[in-house]
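Reading the structure
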Amino acid sequence: MNKKIATLRLPPLPTIRELLKIYKLRAMKQLSQNFLLNENLTDKIIKKAGNLGEYHVLEIGPGPGGLTRSILKYQPRKLIVVEKDKRFQPTLEMLADAFAAVNGKMEIIFDDIMKINLNNVFPMTEAKPWSDTTPKIKLIGNLPFNVSTPLIIKWLHAISEKRGPWEFGRTRMTLTFQKEVGERLVAPPKSIQRCRLSVMAQAWTCPVMHFVIPGTAFIPKPEVDVALITFVPLTVPRTQHEFKIFEKVTRHIFSFRQKYSIRGIETLFPLENRTELGQMMYKLSDLNPETRPIELTVENIDKLVSAYKYLLEKHPHIGLYEYRASRRIVSLSHAKHIEVAECTEL
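Analysis parameters
- Residue positions within a chain follow its written sequence, with the count starting from 1.
- Side-chain atom pairs in this predicted model are given and counted only at pLDDT of 80 or more, local residue features only at pLDDT of at least 70, and totals for whole chains, interfaces and linings cover all residues.
- Heavy atoms from the whole structure form the basis of all side-chain values; hydrogens and water molecules are not counted.
- For the domains described, the bounds stem from an automatic or database domain assignment.
- Here's the idea: put two parts together, see how much 1.4 Å probe accessible area each one loses, and the total over both is what we call buried area.
- Counted as salt bridges are all cases of a side-chain nitrogen of Lys or Arg within 4 Å of a carboxyl oxygen of Asp or Glu.
- Think of a polar contact as two N or O atoms within 3.5 Å of one another; within protein, one of them needs to be a possible hydrogen donor and the other a possible acceptor, and neighboring residues in sequence only count if both atoms come from side chains.
- Secondary structure is summarised from DSSP: a helix means a run of H or I of at least four residues, a strand means a run of E of at least two, and numbering begins at the N terminus for each.
- For this classification, the nonpolar set comprises Ala, Val, Leu, Ile, Met, Phe, Trp, Tyr, Cys and Pro, the charged set comprises Asp, Glu, Lys and Arg, and every other residue, Gly included, is treated as polar.
- To count toward a patch, a residue needs a relative accessible area above 30% and no salt bridge. Like charges then connect within 9 Å, nonpolar side chains (Val, Leu, Ile, Met, Phe, Trp, Tyr) within 5 Å.
- Exposure was quantified through the Shrake-Rupley algorithm and a 1.4 Å probe, taking into account, for residues, occlusion by the shown protein chains and nothing else.
- Only protein chains enter the accessibility calculation, which uses a 1.4 Å probe; a residue whose area is less than 20% of its type maximum is buried, one above 50% is exposed, and one in between is partly exposed.
- Two strands pair if DSSP finds at least two bridges between them.
- A fitted line through C-alpha atoms serves as each axis, taken over the contacting stretch for helices, and the angle formed by two N-to-C directions is quoted from 0 to 180°.
- By the convention used here, residues are in contact when the closest approach between their heavy atoms is within 4.5 Å.
- UniProt positions are given in the numbering used here, feature names are shortened, and annotations may be inferred rather than shown by experiment.

This part covers the domain arrangement of the chain. We note that the domain assignment places domain 1 (16–233) and domain 2 (243–333) within the chain. Placing the centre of domain 1 and that of domain 2 at their C-alpha centroids yields a distance of 34 Å. Interface area lost by domain 1 to domain 2 is led by R194, R196 and V199, which between them contribute 37%. One can count one salt bridge joining domain 1 with domain 2. Between R196 and E247 there is a salt bridge, with its nearest N and O atoms 2.8 Å apart. Scanning the region where domain 1 abuts domain 2 turns up five residue pairs in polar contact (both at pLDDT 80 or more). Elements that contribute at least two residues to the side of domain 1 that touches domain 2 include exactly α5 (145–161) and α7 (196–204). For the side of domain 1 that touches domain 2, the leading source of residues is α7, giving six residues. Of the residues in the side of domain 1 that touches domain 2, the class split is nine nonpolar, five polar and three charged.

Next comes the structure, spelled out in structure tokens:
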């Protein structure tokens with residue numbers, strides 16, 4: 001039976017809506033800011049993050065502090081918030097003071113979550129072996145849409161190398177994404193939403209979508225709904241390959257989503273031996289080259305990466321080939337040819 005988690009009553013504070021008026025704060029479109037003002041909804045989000053008592057919690061992008069208030073109710077041992085926009089300093093300091101009044105600890109860091117070094121944010125006393133239960137550290141955030149995808153890729157890379165918050169063990173994350181991105185993160189094989197992001201997330205974590213938050217719950221209202229996803233790093237990843245090479249092969253596979261998967265695989269190789277080496281990868285992997293990208297499992301792609309690394313050992317020069325760069329050269333040559341032709345006609 002699940003125990004009911006006791007919540008903390010903070011000293012009386014103005015509502016988030018009142019604070020926005022007092023400090024004349026508006027969401028900045030260039031920072032993809034959308035505020036959650038409904039306390040019942042923020043409480044529901046934090047419940048899905050699980051027990052926070054005695055946990056060190058890192059919140060990403062607190063803004064005026066709507067989600068922050070709900071986190072504080074569940075009495076974390078310490079809350080650290082990382083906010084890029086210094087306009088929110090008065091509202092966040094108000095929450096920090098209120099939490100301090102009940103013997104709580106809240107630290108405010110004004111920095112860019114894409115650039116900040118998180119290695120020294122948590123105490124090493126919280127570290128656990130990777131095979132153990134998850135450490136008492138959690139990451140929570142209502143992510144701005146413009147950083148959500150690059151941030152999760154960055155953090156999946158960190159998980160694969162057990163860096164940053166994952167130096168302490170299998171740290172959980174509960175984050176928001178655009179609904180479509182959320183559906184891609186959890187999409188199984190054969191799903192129309194299956195893509196590079198699905199494979200990367202599911203190779204190193206178990207992503208779970210809890211529910212969809214309607215866009216009408218945000219101020220200002222975004223054009224899309226929002227999905228809440230929790231990621232739990234896998235005790236044993238579904239691939240042992242290095243993140244960068246696994247991501248490279250996966251990216252090439254899904255670069256032609258509507259075609260046979262070999263079409264994307266072939267772009268890993270120079271034109272003169274593309275067909276031969278592409279077929280060789282599927283032969284080594286014991287896979288059908290006419291399999292569609294969305295049909296491939298993480299294990300299938302893991303085999304293709306093994307085959308690619310084998311071919312790299314046999315033909316080291318192919319590792320230097322970049323499909324996009326070669327296409328740019330062809331495009332530039334074509335443009336130059338047209339320019340010369342036009343000058344000749346003149």
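That shown, we press on.
Turning our attention to a nonpolar patch on the surface. Nonpolar side chains collect at one region of the surface, where M280, L284 and Y310 lie side by side and expose about 260 Å² of accessible area between them. Inspection of the secondary structure assignment puts L284 in helix α10 (residues 274–285). Take L284: its relative accessible area is 42%, and that puts it in the partly exposed class.

Here we take up the sheet that holds strand β4 (residues 106–110). Pairing in this open sheet of seven strands is mixed, and the strands run β4-β3-β2-β5-β6-β9-β7 from one edge to the other. Sheet topology places β4 and β7 (205–213) at the edges, where each strand pairs with a single neighbour. Shown here is a sheet whose adjacent strand axes are inclined to one another by a mean of 20°, direction ignored. In this sheet, β4 lies alongside strand β3 (residues 78–83) in parallel orientation, the contact comprising five bridges. Bridge pairing in β4 links L79 to M106. Contacting β2 (56–60), β5 (137–141), β6 (172–178), β7 and β9 (226–233), α5 runs over the sheet at an angle of about 150° to β6. Here α7 sits on the sheet in contact with β7 and β9, set at roughly 120° to β7.

Under the UniProt annotation, "binding site: S-adenosyl-L-methionine" (unreviewed entry) lies at N34, L36, G61, E83, D112 and N142. Inspection of the secondary structure assignment puts N34 in the loop between α1 (16–22) and β1 (35–36). A relative accessible area of 17% places N34 in the buried class. Look past the residues within four positions of N34 in its chain and what remains in contact with it is N142, F145, F218, I219, P220 and P222. On the secondary structure map, N142 appears in the loop between β5 and α5. Its relative accessible area of 15% is what places N142 among the buried residues. Here N34 takes part through its backbone oxygen, which lies 3.3 Å from a polar atom of the side chain of N142.

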